[in-house]
Amino acid sequence: MAVELGDEPHVLAVDDNLIDRKLVERLLKNSSCKVTTAENALRALDYLGLGNDTLEGTVSEVNMIITDYCMPGMTGYELLKKIKESSVLKEVPVVIMSSENIPTRISQCLEEGAKMFMLKPLKQSDVKQLKWHLMKCRN
Amino acid sequence: MEVGQMQRRLVDYTKSLFMEGFLDAQFLQLQQLQDESNPDFVVEVVSLFFDDSEKLLNDLTMALDQPNVDFKKVDAHVHQLKGSSSSIGAQRVKNACIAFRSFCEEQNIDATLRCLQQVKQEYYLVKNKLETMLRLEQQIVAAGGSIPMIELGF
């Protein structure tokens, strides 16, 4: 995916918690990112063009995906796997967030190809770090 | 009351909420995200938290009132409430949720009922405190003043 330098990166944020979605959206927008939010993994997959309900011609380009780990239905880990299995999307960096600091969970996600694992609640310093990684990936 | 006095009253009130553990540093993160282009961010997030929490507390009350309590469902609701209270910095609610979850794991009906009462109590306390704080802020803005930033290190 070729992206012009200076463009606002487009981040897809996936979280089933409404307050967390609002917070991550504000944090990302404050770091000059364009943000789309999804309330679960299935909606995220649809948005990314990998879902069963994706409409022709509605697939959007995304520069990073940040997802909660614990979500009903499909977890963030399962979403990560689906993204990495996709020839179109496997290069998109995926960040996993969780309120629980479980080392086996963290290594599982990193082994599956997650770029970073972040502990909730997210702070501005976390998002700055994220943005730095994102800009590094693009260059 | 003039603006300076109102601002001092707000600072003292807000500091007391941190001192008493109602709020933690995460709440400061929310305040820092509020600026001229997003002047109502804190009110919006706090309002979402109130609506979401009240719904969760209702769901929890119903779930614990069943003849055969589904502790997985109860735990899922508490997990949500723990998450949102943590994200806005409502420390005492979050801590009450953590205790609640450990009793869910034990499937202890008496203890979980007590925990529910505890969480409700903490929730209504912090709701009251936050509403008071936001009202004070509104009064300052209405009088043409600005909302002072709380500094860490007290």
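Quick caveat, the model's predicted, so the values are computed rather than measured. (Residues numbered from 1 in each chain as written. Chains lettered and ligands numbered in written order. Predicted model: local features only at pLDDT ≥ 70, side-chain atom pairs only at ≥ 80, totals over all residues. Heavy atoms only, no water.)

1. What about the sheet that holds strand 2 (residues 34-38) of chain A?
Residue and element names in this part refer to chain A.
Here comes step 1: Overall, parallel pairing links the five strands, which are arranged 2-1-3-4-5 in an open sheet. Of all the strands in the sheet, just strand 2 and strand 5 (116-119) have a single pairing partner and so form its edges. Each adjacent strand pair in this sheet contributes to an overall mean axis angle of 20°, direction not counted.
Here comes step 2: Looking at chain direction, strand 3 (residues 64-68) and strand 4 (residues 94-98) are connected through four bridges and run parallel. (Pairing = 2+ DSSP bridges. Helix = DSSP H or I, 4+ residues; strand = E, 2+ residues; numbered from the N terminus. Axes fitted to C-alpha atoms, helices over the stretch in contact; angles between N-to-C directions.)

2. What about the side chain of Glu122(B)?
Here comes step 1: Note that Glu122(B) resides in helix 6 (residues 109-142).
Here comes step 2: The contact partners of Glu122(B), leaving out residues within four places of it in the chain, are Phe22(B), Arg92(B), Val93(B) and Ala96(B). (Contact = heavy atoms within 4.5 Å.)

3. Overview of the UniProt feature "modified residue: Phosphohistidine" (unreviewed entry) in chain B
Here comes step 1: Under the UniProt annotation, "modified residue: Phosphohistidine" (unreviewed entry) lies at His79(B).
Here comes step 2: Here His79(B) shows up in helix 4 (residues 71-88). (UniProt positions renumbered as here; feature names shortened; annotations may be inferred.)

4. Details of the packing of aromatic side chains
Residue and element names in this part refer to chain B.
Here comes step 1: Here the structure, examined in full by the defined rule, presents four aromatic pairs over all chains.
Here comes step 2: With a centroid separation of 6.3 Å and an interplanar angle of 80°, the aromatic rings of phenylalanine 50 and tyrosine 123 are classed as edge-to-face. Separated by 73 residues along the polypeptide, phenylalanine 50 in helix 3 (residues 41-64) and tyrosine 123 in helix 6 bring together distant segments of the chain.
Here comes step 3: Plain terms: the ring middles of tyrosine 123 and tyrosine 124 are 4.9 Å apart, the flat faces sit at 70° to each other, and that makes the pair edge-to-face. (Phe/Tyr/Trp six-rings, centres within 6.5 Å; stacked < 30°, edge-to-face > 60°.)

5. Section: the packing of helix 5 (residues 91-106) of chain B against helix 6 of chain B
Packed helix pairs are specified by the crossing angle of their axes together with the interaxial distance, meaning the distance between the axes.
All names here are of chain B.
Here comes step 1: Direction vectors running N to C along helix 5 and helix 6 enclose 170°, while the axes themselves pass 9 Å from each other. Between helix 5 and helix 6, the interaxial angle falls into the category roughly antiparallel. For the pair formed by helix 5 and helix 6, the contact residues are Arg92, Val93, Ala96, Cys97, Ala99, Phe100, Phe103 and Cys104 on the first element and Ala111, Thr112, Cys115, Leu116, Gln118, Val119, Glu122, Tyr123, Leu125 and Val126 on the second.
Here comes step 2: Its residues assigned to classes, the contact of helix 5 with helix 6 shows 14 nonpolar, two polar and two charged. (Parallel < 35°, antiparallel > 145°, perpendicular 65-115°, else oblique. Nonpolar A, V, L, I, M, F, W, Y, C, P; charged D, E, K, R; others polar.)

6. Details of the nonpolar core
Here comes step 1: Counting residues in each nonpolar core, the largest one holds 64 residues, and the members touching the most others are Leu28(A), Ile66(A), Phe27(B), Val74(B), Phe100(B) and Leu130(B).
Here comes step 2: Considering every element that reaches this core, the biggest residue donor is helix 3 of chain B, with eleven residues.
Here comes step 3: For Phe100(B), the residues in contact, after removing those within four places along its chain, are Leu60(B), Leu64(B), Val74(B), Val78(B), Thr112(B), Cys115(B), Leu116(B) and Val119(B).
Here comes step 4: Counting 23 residues, the second-largest nonpolar core is a separate cluster that includes Leu12(A), Ala38(A), Leu45(A) and Cys109(A). (Core = buried A, V, L, I, M, F, W, Y, C linked by side-chain atoms within 4.5 Å. Buried < 20%, exposed > 50% of the residue type's maximum accessible area, 1.4 Å probe, protein only.)

7. Re the interface of chain B and chain A
Here comes step 1: Listed as interface residues are 22 residues of chain B and, on the opposing side, 17 residues of chain A.
Here comes step 2: Linking chain B to chain A there are two salt bridges.
Here comes step 3: A salt bridge links Glu100(A) to Arg101(B); the shortest N-O distance between them is 3.3 Å.
Here comes step 4: In this assembly, chain B and chain A are joined by eight residue pairs in polar contact (both at pLDDT 80 or more).
Here comes step 5: Looking at the side of chain B that touches chain A, the elements with two or more residues in it are helix 2 (25-32), helix 3 and helix 4 of chain B.
Here comes step 6: With eight residues, the top contributor of residues to the side of chain B that touches chain A is helix 4 of chain B. (Salt bridge = Lys/Arg side-chain N within 4 Å of Asp/Glu carboxyl O. Polar contact = N/O pair within 3.5 Å; in protein donor to acceptor, adjacent residues only side chain to side chain.)

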